[in-house]
Amino acid sequence: MSPIVKLLAQRIALSLLLLLLISIVIFAGTIVLPGDVAQSILGQSATPEALANLRAELGVNDPPVERYIAWLFGAMQGDLGTALTSGQDIAQALSSRFWNTLFLAFWAAVVAVPLAIFLGLLAVRFKDRWPDKTISAVTLASISIPEFLIGYVLMYFIAVQLRWFPSVAMVNDNMSLFEKLNAIALPIAVLTLVVLAHMMRMTRAAILNVMQSAYIETAELKGLNAFQVIYRHAFPNAIAPIVNVVMLNLAYLVVGVVVIEVVFVYPGMGQYLVDHVSKRDVPVVQACGLIFAAVYIGLNMIADIVAILSNPRLRHPK
Amino acid sequence: MKNIPISALIGLFFTALYFLGAIFAPLLAPYGVGEVVGDVWEPSSADYLLGTDNIGRDLLSRMIYGGRTTIFIATAATVLSFTLGSVLGFFAAVMGGWIDQALSRFVDLVMSIPTLIFALVVLSVAPVTIPMLILVMGLLDATRVYRLARAVAVDIEVMDYVEAARLRGEKTAWIIFREILPNALSPLIAEMGLRFIFAVLFVSTLSFLGLGVQPPEADWGGIVKENKEGIVYGIPAALIPAFAIATLAISVNLVADWVLNRTTSLKGGRG
């Protein structure tokens with residue numbers, strides 16, 4: 001087996017192991033903590049009989065290991081259990097919301113990634129001059145405000161004062177793609193602002209790192225202009241770190257949507273999760289937590305795989 | 001302490017201002033925290049400098065008391081995460097071997113779950129009280145501090161003076177607190193600023209989601225939650241905490257930047 005296949009197989013196996021361990025952590029996190037779940041669902045005034053019934057229904061009396069295994073095997077077959085509060089099948093309730101969340105995160109990425117890389121290149125080209133300084137000042141400001149507040153600031157000025165876009169992002173299946181995009185324009189703008197700063201800074205750092213290599217000096221001495229040096233020599237060598245940053249930020253996007261969905265009342269998984277946390281609906285929270293963690297780990301894994309594949313020393317072993 | 005750059009001075013000034021405001025909240029606030037004093041969403045006037053909120057409470061008073069809660073929780077969580085994270089990080093670096101491996105792999109595991117998701121999972125079963133919030137935020141953040149503390153301590157641990165202390169027969173606790181801690185302090189303090197900001201943003205986010213500080217207690221995230229309906233009618237009450245959080249975060253950032261630059265230049269400008 002060539003070393004690169006082995007390396008990739010190891011990386012994928014590691015991710016699967018990580019996911020398994022995380023499922024244990026998520027499951028354990030909801031049972032070892034202080035507080036009686038049945039009590040918190042029913043409130044302080046619950047009768048002992050009602051409490052006992054709910055505990056039996058939740059399976060709290062069974063040994064934890066048995067419950068965990070039953071839960072895990074169910075989850076692997078797509079059975080995430082039923083919600084305590086509504087009695088709905090969780091997998092069914094989640095499927096359309098999951099696609100909504102991916103839809104939002106996808107379009108945010110389509111806007112944010114090229115913009116961040118372009119601005120990063122711009123910052124390198126004009127290093128220590130006003131474009132670079134302006135970009136870093138805006139970055140500092142945007143990481144200093146929580147994302148939900150950026151959401152309300154944009155909502156107040158763009159949706160309410162200027163009336164350019166709707167202030168809530170309601171989507172349904174009957175809408176055309178354009179109508180949907182119009183509805184989610186503001187959430188996309190917020191998410192872009194949230195990840196842009198970090199992504200751009202890392203792009204700038206990665207390219208600056210490459211710019212110090214000897215072959216860049218050769219290219220400069222050869223008489224190429226600054227953009228050509230960056231585009232033809234620095235950028236290909238900076239791809240691995242940049243892809244890494246992009247993937248990490250996409251992973252962050254998937255989590256960032258949780259809060260943004262609540263702000264814009266968007267029917268996605270994040271809003272569903274937050275709703276059910278306050279209702280203390282443990283099976284729903286476990287299911288959502290597991291899915292979010294799986295997406296997060298999957299994107300991190302892709303980042304590592306791209307880094308391995310883009311490294312010529314690993315692609316062409318001696 | 002001379003030659004403090006102007007940006008760091010501005011940062012220090014506003015950071016101090018916010019902390020003093022938090023400490024002396026009852027003296028500064030013109031009205032009580034839950035006191036209904038006027039109409040719903042009154043504009044700002046001489047009586048109510050920032051106007052009133054969704055049920056007619058004075059917004060300025062609520063912002064001052066809210067700042068107190070937010071800053072208190074963030075500070076407590078930061079102190080907890082730093083104490084735990086740095087001590088464990090130093091311990092892992094000094095001991096090495098399987099203790100280091102076990103701790104580091106466990107931290108990797110916790111860090112591979114997004115912080116907000118983990119916090120939501122925990123808060124779905126745990127009672128949402130202020131001590132619980134501090135505990136959850138402190139423990140989750142301790143993993144980040146552990147990473148940094150361990151990385152810094154591994155470099156210090158191979159220095160000759162640590163070797164000398166070992167040969168003198170000093171115990172592990174001495175090596176951690178007398179040899180490593182003083183030399184790792186500067187990067188840790190700079191990081192502390194950033195973790196503090198993160199804690200402020202995090203507790204505000206949780207409160208905004210209704211899973212943080214519970215009413216009638218005020219905090220900056222909660223004020224946004226209470227007044228968010230006003231946005232649609234063009235009432236900017238919910239945006240006031242944005243201003244407070246942003247200025248606090250930027251001030252702390254400026255100070256942290258300065259501490260970081262100072263420590264790197266102390267190494268002869270090599271960093």
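In case you missed it, the structure is sitting above this.
Just so you know, these numbers come straight off a predicted model, no measurement behind them.

Trainee: Can you explain the interface of chain A and chain B? Please cite residues and give values.
Mentor: Across the contact, 41 residues belong to chain A and 41 residues belong to chain B. Where chain A abuts chain B, roughly 3600 Å² becomes buried across the two surfaces, and 82% of that area is made up of carbon and sulfur atoms. Our count for the chain A to chain B interface comes out at zero salt bridges. The interface formed by chain A and chain B includes zero residue pairs in polar contact (both at pLDDT 80 or more). Breaking the side of chain A that touches chain B down by element, the ones donating at least two residues are helix 1 (3-31), helix 6 (130-143), helix 7 (147-161), helix 11 (226-263), helix 12 (269-278) and helix 13 (282-309) of chain A. Ranked by residue count, the leading element in the side of chain A that touches chain B is helix 7 of chain A, at eight residues. Classifying every residue of the side of chain A that touches chain B gives 35 nonpolar, five polar and one charged.

Trainee: Let's hear about the pattern of salt bridges: which residues, and what values?
Mentor: All names here are of chain B. Across all of its chains, the model carries 10 salt bridges over all chains by this definition. A salt bridge links Arg-166 to Glu-157; its shortest N-O distance comes to 2.8 Å. Linked by salt bridges that have partners in common, Arg-105, Asp-108 and Arg-147 make up one network.

Trainee: Run through a nonpolar patch on the surface, naming residues and quoting values.
Mentor: Residues and elements named next belong to chain B. Taken together, Ile-6, Leu-9, Ile-10, Leu-12, Phe-13, Phe-14 and Leu-17 make up a surface patch of nonpolar side chains, about 650 Å² in accessible area. Positionally, Leu-17 belongs in helix 1 (residues 6-23). You can call Leu-17 partly exposed: its relative accessible area is 44%.

Trainee: Which residues make up empty space enclosed by the protein, and what values do they have?
Mentor: Residues and elements named next belong to chain B. Here the structure, examined in full by the defined rule, presents one cavity of 30 Å³ or more. Ala-77, Thr-78, Ser-81, Thr-115, Met-137, Gly-138, Leu-140, Asp-141, Phe-198, Ala-199 and Phe-202 are the residues that line the largest cavity. Looking at the lining of the largest cavity, the elements that each hand over two or more residues are helix 3 (59-95), helix 6 (130-157) and helix 8 (172-208). The residue inventory of the lining of the largest cavity, partitioned by class, reads six nonpolar, four polar and one charged.

Cut-offs and rules
- Residues numbered from 1 in each chain as written.
- Chains lettered and ligands numbered in written order.
- Predicted model: local features only at pLDDT ≥ 70, side-chain atom pairs only at ≥ 80, totals over all residues.
- Heavy atoms only, no water.
- Contact = heavy atoms within 4.5 Å.
- Buried area = accessible area lost by both parts, 1.4 Å probe.
- Salt bridge = Lys/Arg side-chain N within 4 Å of Asp/Glu carboxyl O.
- Polar contact = N/O pair within 3.5 Å; in protein donor to acceptor, adjacent residues only side chain to side chain.
- Helix = DSSP H or I, 4+ residues; strand = E, 2+ residues; numbered from the N terminus.
- Nonpolar A, V, L, I, M, F, W, Y, C, P; charged D, E, K, R; others polar.
- Patch = residues over 30% accessible without salt bridge, like charges linked within 9 Å, V, L, I, M, F, W, Y side chains within 5 Å.
- Areas by Shrake-Rupley, 256 points an atom, 1.4 Å probe, with all protein chains shown as cover.
- Buried < 20%, exposed > 50% of the residue type's maximum accessible area, 1.4 Å probe, protein only.
- 1 Å grid on protein atoms, 1.4 Å probe; cavity = no way out; pocket = protein on both sides within 12 Å on 5 of 7 lines; lining within 4 Å.
- Points joined across faces, edges and corners; volume = space filled by probe spheres on them.

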